[in-house]
Structure formats: C-alpha cells, structure tokens
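A structural walkthrough
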Amino acid sequence: MSQARRVAFDTLRAVHESDAYANLLLPKAIERAGLSTADAGLATELTYGTLRRQGTYDAIIGIAAERSVLEIDPEVLDALRLGVHQLLATRVASHAAVNESVELARTVLGRGPAGFANAVLRRIARDTPGEWMTRVAETARSDDERLGLVYSHPVWVVRAFRRALAAEGRADELEALLSADNISPRVTMAALPGLAEVPADVRRTAYSPLGFRLGGGDPEATVTASEGRVRVQDEGSQLAALALTRFAPVRSGERWLDLCAGPGGKTAVLAAEALAHGARLEANEISPARAGLVRRAVAGIPSDIPVSEQDGRVRAEAAPGTYDRILVDAPCTGLGALRRRPEARWRKSPADVPELSSLQTGLLSAALGALAPGGVVAYVTCSPHLAETAAVVAEVRREWGAAATELSARDAVATASVGELDLPAQKDGSGRAQLWPHRHGTDAMSISLLQRV
Ligand SMILES: C[S@@+](CC[C@H](N)C(=O)[O-])C[C@H]1O[C@@H](n2cnc3c(N)ncnc32)[C@H](O)[C@@H]1O
C-alpha cells in the first residue's frame, strides 16, 4: 500500500473520529511520513477530494453494499470512500484503486472487512462515474436532494444557497456554485497597499488592486520574505476590507476598529490603509490565541495597533460614539468558504444558524453604537446564508430605525475593484454585495455597509 494512501486514510480517520481539521493535520502527517512532492500532492488530492465528495460516495457505497452506510464500520467506510474516489474521480487505474483500498482494509482491519471492501469496490468499478451519478440521482425525492447527492452538499446547504442566489435573481446559477465548491481554490496573494508592490512578473487577479497569483513556489516563503507585507488572502476578503476603507476618502485622524479580527487577514489590509491615510486602527478578538495571530499579522506594519481580547459586544458598548469606520467580520457558518475547508460542509447544521444570527445581530448593533455620527460599519460574513446576511442587517435596521441608514456596498466594492464585477441588485432593495466562488472566483463573502446618522 502506498504511503500517500495511508496518510490520506489516517487523516480521514482523524477528521471523522476526533473532529480534526484536514488542512491543519495533513501537512504535519505528510512531513512525518517524509512524502515526496508527488506523493504529498496525491495524499492531498485523495484526502480533500474524498472529504468533499463524501455525500455522493456514501450514496454510491450504500447502493453497492445494499445497506445504509450507517451500518458499515467507520474505518471500513473510510477505506471504501478513499477507494471510490480513486475509482470515480482520479486517473488511478481501477485495479490499482481496488487493490490498494482492499490492502489498506486488510492491513488496518483484517481479512473479513477486506473481503467486504473488495466486493463493494469491484461492484462500483463495473460502472462508469456517469452511470453511478444517474443511479444516485434517481434515489432523490426532490430537486434539492438530487443536487445535494450529485454535488455532495447537505440538502439544507443546497436550500440556503438556492435562496441566496434567488435573492438576486440568479437561482439558475445553483449548479455552477455547487460545482465550484468541489474544486480547490488557487492561492491568492495580497500586496499590502503602500507597503509592498505587486511583483511585475506575476498574474494579477481580476478585481482586487492588491491581488495576484504566484507562478509557482511556496506562498508561505513569499510571505516570510516580505515580513508579512505580502499575504495569502482570498480576493473576496481583500475586497471586503477595501470596501470599508475606500467607499469614501479617509480624513486624517479617523479612528477605526476591527471588532472580530482573528486571525488578522483583514486587519493587515486595514492597518496598511490606515497608515497610508493617517487613520488610527484598533483591533479586537475574543479568543486570546487568535488575538495572538492578529498581533503577528500586523507585526510587519510600522504602526502601533492595540489588540484587545474581549467579547466584541462588550468592547463596542464600552466605546459609544467613538469610531469612524468599524469592520464586523462576524463569526458565521463559513458556508461561503467550503472550497477551502473540505470537511466543513458536514460539520455545520441548520441548528447552528439561529445562535450565530443572534450573535451577529448583537455584534452589528453594538458596532453601530460605537460609531461616531456619520461613521460607517461594514458587516461581513463568509457565508451567503440569508439568515446570517440580509436578515441580520434587516433586524438591526429595524432596531435602529432612522438612526442608521444603509449605503450601497455594491458601489463600494465596485469602487474598490479594478475590474468590472457582476453584482446584481438584491431583490430586497438593500445595498448588500454578494460575491460568489462560481462567478467571481472568491469565497462567497457578503458585505453590507451601515451608517450612523
Ligand atoms: C470570520 S472570523 C474573522 C476573520 C478575520 N477578520 C480575518 O480576515 O482574518 C470571526 C472571528 O470572530 C471571533 N469571534 C467570535 N465571537 C466573537 C465575539 N463575541 N466577539 C469578538 N470576536 C468574536 C472568532 O474567534 C473569529 O476569530
């Protein structure tokens, strides 16, 4: 059995047994096993691909094994998932995919489970990926369930995406979105404005004036060499931070606050913009460990940025009428970043949403209270779920009445962008900007701007 497959299998087990995060665990496992670059690539593809496609693979395994996957031993199930991924989604030859997975099952679990794995995988290997997709789709009881099975998303997530796209009249893009979630994003870099230049020999990204892609090489080495002035950052995150700093010219001496700052990606952009325009930035993050990451993120920026470690609601309420610009990059389900967190879609549940919406509403409302008259808060989530985006803003606007007004975040994002963005109006009449992986190549960031009157 190849080492790459063993590393992938062990990572799948840790993700399923101990709620580990694949993107944190896998690099360490690869290093421990001393994998070559090619094998490291294979282990990563197998792990991420299997985790993303787990919903589809479980449906296929269920049909081939003629039993629910809940009745299959979890270790055997992970070996099967890994085998199905190789059979249906990679160029690994069928016999190798079956033999390697059966050997894995035999080494880890013994002869009996290996025989079962062998029978199930041979059955799956008999038909093409297209035939299996048709068979899986036929088991669905609704269109959303069909899309969930075919594109490997929980059905509640499919529904949330459908509604969010329909809110801007683009429900017909649902399949493109689900499909985009199953592809690893390319690494995007940001050159902090005024502190680093976009290198001349790289490809710029389409929208952010800070964004570019490396032709090759290790992104982290570039970050280190630049002392953090060049960073790895999704282009949507760059635009969200710039929407706040560039929707209107900055007056020297403005006070800014980043209320939920960890791990500090957007703080670094805000800090560079503040430095360039004579504004003063403060940051806050409830988790001490993540507050440490924020301090590290701004360490290479020559200005003093105090970082507090409080509940953002308490932090904001303690400073009424103080700030000119506040970023609330709120804790959320993260449904907009499923491309980069392969197991995330299986970890969240609809039950998480009401608690998050209530926290988001509290943070946004408290931030409005901390604004000086005329000050603006950017409310940002890396989730497009309407309960975390439009509904939160609507609730806070109801609470604040005439004391708060909404600005057009779509105009602000378009102003910050160097390329033309396809940002349709929201049917609710709000100024909310929604970015999408399938349309913009970014995480699905939602951005709203509220001004204290
Ligand atoms: C979406 S992340 C922010 C990402 C960050 N702005 C960046 O670009 O790197 C949300 C952050 O809010 C923090 N958080 C959660 N609850 C909070 C609260 N009540 N007050 C302040 N921060 C909170 C989380 O620990 C998390 O670091």
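Every value quoted in this text rests on a predicted model; they were computed, and no experiment measured them. (Residues numbered from 1 in each chain as written. Predicted model: local features only at pLDDT ≥ 70, side-chain atom pairs only at ≥ 80, totals over all residues.)

**Details of the domain arrangement of the chain**
Applied cut-off: Boundaries of every domain are those given by an automatic assignment or by a domain database. We call two residues in contact when their backbone-placed C-beta atoms lie within 7 Å. Comment: elements are numbered from the N terminus, with helices defined as DSSP H or I runs of at least four residues and strands as E runs of at least two.
Assigned domains within the chain: domain 1 (3–133) and domain 2 (189–452). At the junction of the two partners, domain 1 supplies seven residues and domain 2 supplies four residues. Among the secondary structure elements, those contributing two or more residues to the side of domain 1 that touches domain 2 are α2 (22–33) and α3 (37–52). Among the elements that make up the side of domain 1 that touches domain 2, the one with the highest residue count is α3 (three residues).

**Considerations on the packing of α2 against α3**
The condition is simple: Axis angles are defined between N-to-C directions and span 0 to 180 degrees, where every axis is a line fitted to C-alpha atoms and, for a helix, only to the segment in contact. For classification purposes, angles smaller than 35 degrees are called roughly parallel, those larger than 145 roughly antiparallel, those between 65 and 115 roughly perpendicular, and all remaining angles oblique. Left-handed describes a crossing in which the near helix is turned anticlockwise from the far one by less than a right angle; the clockwise case is right-handed.
The interhelical angle for the contact between α2 and α3, taken along N-to-C directions, is 155°, at an axis separation of 11 Å. Accordingly, the angle class assigned to the pair α2 and α3 is roughly antiparallel. Helix-helix and strand crossings are classified by hand; for α2 and α3 the assignment is right-handed. Side by side, α2 and α3 meet where A22, L26 and I30 of the first sit next to A40, A43, T44, T47, Y48 and L51 of the second.

**Overview of the nonpolar core**
Burial of nonpolar side chains together is a common tendency in soluble globular proteins. This is how the line gets drawn: Throughout this description, the term nonpolar core refers to a group of buried Ala, Val, Leu, Ile, Met, Phe, Trp, Tyr and Cys residues whose C-beta atoms join them within 7 Å. As a rule, residues whose C-beta atom has 12 or fewer other C-beta atoms within 10 Å are exposed, those with 20 or more are buried, and those in between are partly exposed; C-beta atoms are placed from the backbone.
Ranked by internal contacts, the top residues of the largest apolar core, which has 93 residues, are A243, I326, V328, A367, V377, A378 and Y379. If one sorts the elements of this core by residue count, helix α18 (residues 352–369) sits on top with seven residues. Beyond its immediate chain neighbours, meaning those up to four positions away, I326 contacts L257, L259, A367, A370, L371 and V377. A4, A43, L46 and L104 belong to the second largest nonpolar core, which has 44 residues in total.

**Thoughts on the sheet that holds strand β1 (residues 189–191)**
Going by this rule: Note on pairing: two strands pair once DSSP finds at least 2 bridges between them.
Overall, antiparallel pairing links the four strands, which are arranged β2-β3-β1-β4 in an open sheet. The two strands at the open ends of the sheet, each matched to only one other strand, are β2 (203–204) and β4 (230–232). Taken together, the two bridges between β2 and strand β3 (residues 211–213) define a ladder with antiparallel strand orientation. If you follow R204 over to β3, its bridge partner there is F212.

**Things to note about unusual backbone geometry**
The linkage connecting G262 with the following residue, P263, adopts the cis geometry, with an omega of 0°. Among the structural elements, P263 can be located in the loop between β5 (255–258) and α14 (265–277). Of note in the backbone geometry, D19 takes a positive phi value of approximately 55° without being a glycine. Within the secondary structure layout, D19 lies in the loop between α1 (3–18) and α2. A positive phi angle, near 55°, is found at S152, a position not held by glycine.

**Looking at the site of the ligand**
Put simply, the rule reads: In this analysis, residues qualify as near a molecule or strand once their C-beta atom, positioned from backbone atoms, comes within 6 Å of it. In this classification, the charged set is Asp, Glu, Lys and Arg, the nonpolar set is Ala, Val, Leu, Ile, Met, Phe, Trp, Tyr, Cys and Pro, and all remaining amino acids, among them Gly, are polar.
Contacts to the ligand come from 17 residues, most closely from C260, G262, G265, G312 and D329. Residue classes in the shell around the ligand are distributed as six nonpolar, six polar and five charged.

**Regarding helix α13 (residues 235–246)**
How we decide: For a helix, the expected span equals 1.5 Å multiplied by the residue count minus one.
Taking 1.5 Å of rise per residue, twelve residues should cover 16 Å, and α13 covers 16 Å from first to last C-alpha, within 8% of that figure. Within α13, eleven of the twelve residues are buried, which leaves the element mostly enclosed by the surrounding structure. Of all the positions in α13, only E235, G236, S237, Q238, L239, A240, A241, L242, A243, L244 and T245 are classed as buried.

**Observations concerning α3**
Its 16 residues place the ends of α3 22 Å apart at the C-alpha level, agreeing with the 22 Å of an ideal helix rising 1.5 Å per residue. Burial in α3 covers these residues: A40, L42, A43, T44, L46, T47, Y48, G49, T50, L51 and R52. Packing partners of the buried residues in α3 comprise α1, α2, α4 (54–65) and α5 (74–89).

**Let's talk about the pairing of β5**
Put simply, the test is: The handedness of a crossover follows from its direction of travel: if, with the strands pointing away from the viewer, the path from the first strand over the helix to the second runs clockwise, the crossover is right-handed.
Of the strand pairs in this sheet, β5 and strand β6 (residues 280–284) are connected by four bridges, and their pairing is parallel. In the strand pairing of β6, W256 is matched with L281. In the classification by handedness, the crossover that spans β5, the intervening α14 and the parallel β6 is right-handed. Strand direction decides the pairing type here: β5 and strand β8 (residues 323–329), joined by three bridges, are parallel. Bridged to W256 within β8 is R325.

**Some remarks on the environment of N118**
By the secondary structure assignment, N118 is in helix α7 (residues 111–125). The exposure class of N118 is partly exposed, given the 18 C-beta atoms found within 10 Å. With residues up to four places along the chain from it excluded, the contact list for N118 reads V98 and V102.

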